[in-house]
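# Residue-level structure breakdown
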Amino acid sequence: MRNEPLYDEILRRNPGEPEFHQAVREVLETLDPILQARPELAEARVVERICEPERQIIFRVPWVDDAGRVQVNRGFRVEYNSALGPYKGGLRFHPSVNLGIVKFLGFEQIFKNALTGLGIGGGKGGSDFDPHGRSDAEVMRFCQSFMTELHRHLGEHTDVPAGDIGVGGREIGYLFGQYRRITNRWEAGVLTGKAPGWGGSLARPEATGYGAVLFAAEMLRVRGEDLDGQQVVVSGSGNVAIYAAEKALALGANVLTCSDSSGYVVDDKGIDVALLKQVKEVERGRVADYAERRGSSARFVADGSVWDVPADVALPCATQNELDEAAAAVLVRGGVKAVSEGANMPTTPEGVRVLTEAGVAFGPGKAANAGGVATSALEMRQNAARTVWTFAEVEEALTDIMRDIHTTCHETAERYGAPGDYVRGANIAGFERVADAMLAQGLI
Ligand code: NDP
Ligand code: 2IT
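In this report, the structure presented in the accompanying data block is examined. No experiment lies behind these values; they were computed from the predicted model shown.

## Structural notes on the packing of helix α9 (residues 204–222) against helix α17 (residues 391–415)
Between α9 and α17, the least distance of the axes is 9 Å, while the angle of their chain directions is 45 degrees. As judged from the angle between their axes, α9 and α17 are oblique. Viewed along their axes, α9 and α17 form a crossing whose handedness is right-handed. On α17, the residues touching Glu206, Ala207, Tyr210, Gly211, Leu214, Phe215, Glu218, Met219 and Val222 of α9 are Phe391, Glu395, Leu398, Thr399, Met402, Arg403, Ile405, His406 and His410. Tallied by class, the residues present in the contact of α9 with α17 amount to 10 nonpolar, 4 polar and 4 charged.

In structure tokens, the structure reads:
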């Protein structure tokens, strides 16, 4: 790859950030054809500039737990690229969060957001705070402290966070309330993923999972197939997984599994999404609780991998690097035809290689899970116009956007000599949109 020296430089300047290195390498490896076709981009060192975040914010988040003990966490916001619009991307609350994780997610977000065509730049943030087992009051105090520092960096025209792992409607509510108190502004467009009663968009909770399934359906359509009657394995049991399962079922598929960090559930009758929502969203329980409540059709497997369950379509919707080379080989042996990434970078580079060499249709996260952030942009649009769209209006717009992203990736891959390679298509198409804006805006 022509960018090998740049990659070496990135390794040297960003030590100890393996996920960031992985995300950068995966993009750099695919850009040779466009850099060859457009030498002015290489001349202006656009790739070097894109790899360096515009701004990185790291801050202390002190808060008091229910026992009255002082706790200290670390907060992050990486404002990566604003060539196409305000920084946009979620906040992740998980003990594994560190600067490298936030940079990998922010880097992916630049290209994903460009693919939506909706005028949003790339950013990401979060904290190593672990919401598991914390009371509502503790989560609220944490969110208030987090926003007390972060608010100065945000704004509807500047930086617009949303949810990610560990951040859903409850957390967005607490964060918005604190932003409003501090700024004395009703600035609905400063956060997305709000509840529909006070500025949120209908269908935003559903959007990422629905979008990942729509992307899978598009990949299958190109191959003369659809989801009807297909066996689907889903990993995760959070926001993305639940709505991916719901959409797959609605399109006639049978969803066999869900999982969390303790293990997975395989349900011979197919996952009961209403029960899964009740256990996870209302009771904040675990997939083991789902299996117990579901009865004899479902069993919880504490060790082993969800990818051991043979299926036609796999939807990784939990976290990064959850589908490795060995798991990919098992999926291929089980006859998998399509993998659509609901999570960000869930498949390792070796896993991607195994799948694509076996001819499996592979939809990378920055294309396949772009429905969430795209619907966030539709939420911003509703906020700016002080209007509310119906569920059907939002879902129709989401469907059009996902089809459009699929077409863009498919056509771009073909144009650059890699038909069917959605990784290359997504990276080149996303990169070109950002690169053109950066070229036009001078040395930024
Ligand atoms: P949630 O917090 O709602 O759910 C996360 C799920 O993944 C849980 O089931 C969780 O299990 C599991 N999980 C998290 N970390 C790990 C881990 N280290 N090992 C095993 N399982 C794990 O998050 P989301 O559903 O919102 O996010 C899931 C993925 O989708 C992430 O990669 C996120 O970046 C991506 N994404 C999310 C979007 C959104 O709009 N929310 C948009 C685009 C992508 P446990 O409870 O045991 O931790
Ligand atoms: O990874 C992602 O695209 C998200 N977590 C959603 C970001 C957003 O701003 O809606």
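The structure having been displayed, the exposition proceeds.
## What to know about the environment of Leu331
On the secondary structure map, Leu331 appears in helix α13 (residues 325–333). Taking the C-alpha atoms as reference, Leu331 lies 8.7 Å from Asp312; in sequence the two are 19 residues apart.

## Focus on the site of ligand 2
The local shell around ligand 2 holds 14 residues, among which Lys88, Gln109, Lys112, Lys124 and Ser376 are the closest. With respect to ligand 2, the side chain of Lys88 contributes an N or O atom lying 2.7 Å from an oxygen atom. Across the complex, the protein chains shield 94% of the 290 Å² of accessible surface that ligand 2 would expose by itself. Of all the elements in the fold, those that place two or more residues in the shell around ligand 2 are β3 (87–93), α6 (99–116) and α16 (370–385). Residues that form the shell around ligand 2 fall into these classes: 2 nonpolar, 7 polar and 5 charged.

## Looking at the sheet that holds strand β2 (residues 70–81)
Taken in spatial order, the 5 strands of this open sheet run β1-β2-β4-β3-β5, and their pairing is mixed. Only two strands of the sheet have a single partner each, and these edge strands are β1 (55–64) and β5 (159–162). The mean angle between the axes of side-by-side strands here comes to 20 degrees, regardless of whether they run parallel or antiparallel. Where β3 lies against β5, 4 bridges are found, and the strand directions are parallel. Bridging from a neighbouring strand, Tyr87 pairs with Asp159 of β5. Contacts from helix α7 (residues 136–150) reach β1, β2, β3 and β4 (121–127) within the one sheet, and its direction differs from that of β1 by about 140 degrees.

## Quick word on the site of ligand 1
With respect to spatial proximity, 25 residues lie near ligand 1, and among them Asp164, Thr208, Ser261, Arg286 and Asn344 are the closest. Taking Asn239, its main chain carries an N or O atom lying 2.9 Å from an oxygen atom of ligand 1. Counting residues per element, the ones that place at least two in the shell around ligand 1 are α9, α10 (239–250) and β8 (257–260).

The rules behind each value
- Residues numbered from 1 in each chain as written.
- Chains lettered and ligands numbered in written order.
- Predicted model: local features only at pLDDT ≥ 70, side-chain atom pairs only at ≥ 80, totals over all residues.
- Heavy atoms only, no water.
- Axes fitted to C-alpha atoms, helices over the stretch in contact; angles between N-to-C directions.
- Helix = DSSP H or I, 4+ residues; strand = E, 2+ residues; numbered from the N terminus.
- Parallel < 35°, antiparallel > 145°, perpendicular 65-115°, else oblique.
- Left-handed = near helix turned anticlockwise from the far one by under 90°.
- Contact = heavy atoms within 4.5 Å.
- Nonpolar A, V, L, I, M, F, W, Y, C, P; charged D, E, K, R; others polar.
- Near = heavy atom within 4 Å.
- Polar contact = N/O pair within 3.5 Å; in protein donor to acceptor, adjacent residues only side chain to side chain.
- Areas by Shrake-Rupley, 256 points an atom, 1.4 Å probe, with all protein chains shown as cover.
- Pairing = 2+ DSSP bridges.

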